[in-house]
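# Observations on chain architecture
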Amino acid sequence: MQVEVFHRLEERFFYGLALAGGLIVGLGLLAAHYMETHGHIVTGMDNQVVWGTPHIFAIFLIVAASGVLNVASIGSVFGKTVYKTRAPLSGLLSIAMLAGGLMVLMLDLGRPDRLIVAMTYYNFKSIFTWNVFLYTGLFAVVAVYLWTLMERRMNRYSKVAGFTAFVWRLVLTTGTGSIFGFLVARQAYASAVLAPMFIVMSFGWGLAVFCIVQSAMFSWNKMELHPDILKRMKNLLGIFIAGTAYFVAVYHLTNLYFAKQIDFTRFILVDGGIYPLLFWVGYVLIGTAIPLFLIYHPKLGKSCPAVIWASVLVLFGAFALLYVLIIGGQAFPLDIFPGKEVSSSFLDGQVAPYAPSAPEILLGLGGIGVAFLITTIGVRVLHFLPQDDFVQLQGAGNITD
Amino acid sequence: MSEKEQESGKAGRRGFIGASIAGLATLALAPGVRLIEIGNARPADEAASSTHRWGMLIDTNKCAKGCNACATACNLENGLVQTGRPRTDAQWIRKVELRDKRTGATQQMPLMCQHCEHPPCVDVCPTGASFKRADGIVLVDRHICIGCRYCMMACPYKARSFVHEPLTEQKPDVPRGKGCVESCTLCVHRVDRGETPACVEACAAEGHKALLFGDLKDANSEIAKRLKTEASTELRANLQLNTGVRYQGI
């Protein structure tokens with residue numbers, strides 16, 4: 001009787017979640033339609049800040065999609081038993097977030113109706129073109145990888161498939177970082193450090209997403225994560241958070257060292273209004289320092305809610321960092337005439353006054369909605385709940401009791 | 001009729017005959033002059049050739065303060081409507097005012113697509129919509145531009161505009177479209193007819209002659225001769241893009 005009641009409740013809960021996800025996706029699609037019919041005039045973007053809030057969501061989702069696959073890689077490529085049972089969920093999340101990110105990226109185009117053009121005309125000198133292949137390829141690679149994990153007869157190929165996925169996503173995130181790294185024109189970009197920085201960011205953001213989804217699934221099923229497994233995952237998250245902070249520090253220190261970059265760095269870190277605020281409070285304090293405190297605190301670090309909070313804050317910091325990098329990097333004027341003050345009717349020499357608009361935010365949230373919906377349905381249909389074999393883990397020395 | 005009146009009548013006739021001959025001569029010669037002009041133009045079915053490289057030399061010392069003739073002519077020629085929203089309006093050429101931070105010296109100049117030999121916008125365009133013609137003119141193919149705006153991120157001169165709003169009253173020679181990126185075409189439709197860009201013509205009409213258009217590869221062209229004998233510079237020369245637009249006086 002009790003089991004029946006649980007199933008009824010669980011079913012209602014599932015449909016409620018799916019409906020909520022569907023609504024968010026619907027709103028995102030409506031926003032995209034509004035932007036397409038009226039033009040980008042209804043957004044906060046202009047001729048200087050050409051990539052706005054949708055790009056922040058899209059790049060977050062794509063980078064995190066690559067990073068969340070790390071969980072599977074640690075299992076398949078590096079043979080860690082704890083992570084092997086989590087590989088299917090990791091793969092599903094990767095596909096879900098990639099789909100969400102690509103949807104946002106595509107619907108933010110000036111001509112989203114020309115998707116077929118993007119799929120049939122290629123300029124192989126463009127990193128965007130490479131990304132078209134890398135992003136769509138990741139779907140295929142992860143799908144095959146999931147197949148080798150789920151189909152018993154294919155299990156023996158799972159290591160090869162996992163390794164392929166591992167290499168593929170490293171190349172993919174290098175490609176995503178290089179979208180900015182290859183831009184010689186703007187002070188904020190044109191840096192080789194952006195590619196490895198994006199890779200480490202992907203590890204942290206992906207693992208944070210994984211920890212949140214995993215804990216939601218465990219609590220839904222009234223299960224508890226083994227403290228030793230929690231400890232392993234939160235320590236790894238801590239390393240990734242610190243790794244990201246290291247790359248961000250190197251990126252800014254390099255810019256501070258070059259005289260020609262000092263004005264830009266001062267803008268981003270000191271007197272640029274919203275950007276220094278988001279950097280220091282959003283990324284450094286909320287997205288890095290507090291999560292590290294929660295993770296490495298002797299008492300707090302052992303509690304599951306603290307780790308979940310740390311993960312949520314890491315994601316908040318991710319958005320703050322991307323806002324500073326993407327919007328702040330464009331808002332600062334181009335240095336076409338060094339040593340001169342510039343003015344024109346085209347707003348040369350001025351900081352662009354970008355503010356996100358409702359359609360942009362709704363489109364971005366629509367991407368999150370797509371990822372949420374695919375994950376919710378996938379988890380229910382495919383039974384991807386990580387189930388730890390404690391006897392086996394004890395044997396492997398992964399847990400103590 | 002007095003002798004005086006007779007003289008006056010003769011003079012009138014002479015004047016009439018003179019004016020008529022001059023008029024007839026003009027009528028007779030004009031098509032010839034026009035033919036020479038057309039002779040320089042490229043037939044419509046002939047591809048642009050790399051034997052030319054179209055470029056511009058801008059003398060900032062001749063660029064008059066407060067004059068906006070080049071930008072006005074560009075807007076008129078290409079059907080660019082200024083709505084009073086400068087953040088989102090398309091501006092293919094704009095007047096830039098400069099003030100030296102140390103000395104306070106001021107100057108002004110027009111700024112537009114620099115028609116680079118190695119254009120970053122062409123490198124990053126995923127579909128190949130941004131392209132460089134054989135004669136050096138950098139253009140956007142409006143049929144395959146998907147509006148990703150990566151070229152705008154890549155352009156070192158902020159020379160490109162995105163069409164943010166629906167368009168009306170377009171010029172037949174200059175097709176445009178909402179959701180696509182565009183920039184100075186060097187008035188390619190005029191150049192292909194053997195004419196000069198509208199901004200150059202307007203600047204000359206104002207008597208400033210700050211803009212000189214021509215073929216950089218033709219050793220006998222005025223632009224090539226001046227570039228050979230006078231100092232000039234590229235904007236953001238350190239990027240080594242070998243721009244087709246050169247400046248003097250900066």
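Up top is the structure.
Attention here is on the structure that accompanies the text. The structure presented is a predicted model; accordingly, all values stated were derived computationally and were not measured.

Attention now moves to the nonpolar core. The tendency in soluble globular proteins is for nonpolar side chains to be buried side by side. Core analysis: the largest hydrophobic core is formed by 183 residues, its most contacted members being Phe60, Leu61 and Val324 of chain A together with Cys70, Cys199 and Leu211 of chain B. The greatest single-element share of this core, amounting to 15 residues, is contributed by helix H13 (residues 304-331) of chain A.

Residues and elements named next belong to chain A. For helix H11 (residues 262-271), the complete set of buried residues consists of Phe264, Thr265, Phe267 and Ile268. Down the axis of H11, the sector holding all buried residues measures 155°, keeping them to one side. Opposite the packed face of H11, turned more than 90 degrees from it, sit the exposed residues Val270 and Asp271. Packing partners of the buried residues in H11 comprise helix H10 (227-257), helix H12 (274-296) and H13. Directly after H11, the chain includes Gly273, whose backbone phi takes a positive value near 75°.

Another point: the environment of Thr254 of chain A. Here Thr254 of chain A shows up in helix H10. Along the backbone, Thr254 of chain A and Gly204 of chain A are 50 residues apart, and their C-alpha atoms lie at a distance of 23 Å.

Before going further, it helps to examine the environment of Arg111 of chain A. Structurally, the position occupied by Arg111 of chain A is in the loop between helix H5 (87-107) and helix H6 (115-120). Look at Arg111 of chain A and you get partly exposed, because 19 C-beta atoms sit within 10 Å. For the pair Arg111 of chain A and Gly238 of chain A, spaced 127 residues apart in the sequence, the C-alpha separation amounts to 41 Å. If sequence neighbours within four positions are ignored, Arg111 of chain A has contacts with Cys145, Ile146, Gly147, Gly179 and Cys180 of chain B.

Another aspect to go through is the interface of chain A and chain B. Contact with chain A, which involves 38 residues of that partner, is made by 44 residues of chain B. When contributions to the side of chain A that touches chain B are tallied by element, the ones reaching two or more residues are H6, helix H7 (127-150) and strand S1 (340-344) of chain A. The dominant element in the side of chain A that touches chain B, judged by the number of residues it contributes, is S1 of chain A, at 5 residues. Looking at the side of chain A that touches chain B residue by residue, the class counts come to 18 nonpolar, 12 polar and 8 charged.

With that settled, consider the sheet that holds strand S8 (residues 211-215) of chain B. Residues and elements named next belong to chain B. What the 3 strands build is an open sheet, ordered S8-S1-S9; its pairing is mixed. Edge strands, defined here as strands with exactly one partner in the open sheet, are S8 and strand S9 (245-248). Sheet twist, expressed as the mean angle between neighbouring strand axes with direction ignored, is 20°. Sheet topology note: the strand S1 (residues 54-59)/S8 ladder contains 5 bridges and is antiparallel. Residue pairing for S8: Trp54 is matched across the bridge by Asp215.

Glancing now at H12 of chain A. At Leu285 of chain A, H12 of chain A shows its maximal kink, close to 40°. Where H12 of chain A is buried, its residues touch H10, H11 and H13 of chain A.

Criteria and cut-off values
- Residues numbered from 1 in each chain as written.
- Chains lettered and ligands numbered in written order.
- Predicted model: local features only at pLDDT ≥ 70, side-chain atom pairs only at ≥ 80, totals over all residues.
- Core = buried A, V, L, I, M, F, W, Y, C linked by C-beta atoms within 7 Å.
- Buried ≥ 20, exposed ≤ 12 C-beta atoms within 10 Å, placed from the backbone.
- Helix = DSSP H or I, 4+ residues; strand = E, 2+ residues; numbered from the N terminus.
- Arc of directions from axis to C-beta.
- Contact = placed C-beta atoms within 7 Å.
- Nonpolar A, V, L, I, M, F, W, Y, C, P; charged D, E, K, R; others polar.
- Pairing = 2+ DSSP bridges.
- Axes fitted to C-alpha atoms, helices over the stretch in contact; angles between N-to-C directions.
- Bend = angle between axes of the 7 residues up to and from the residue.

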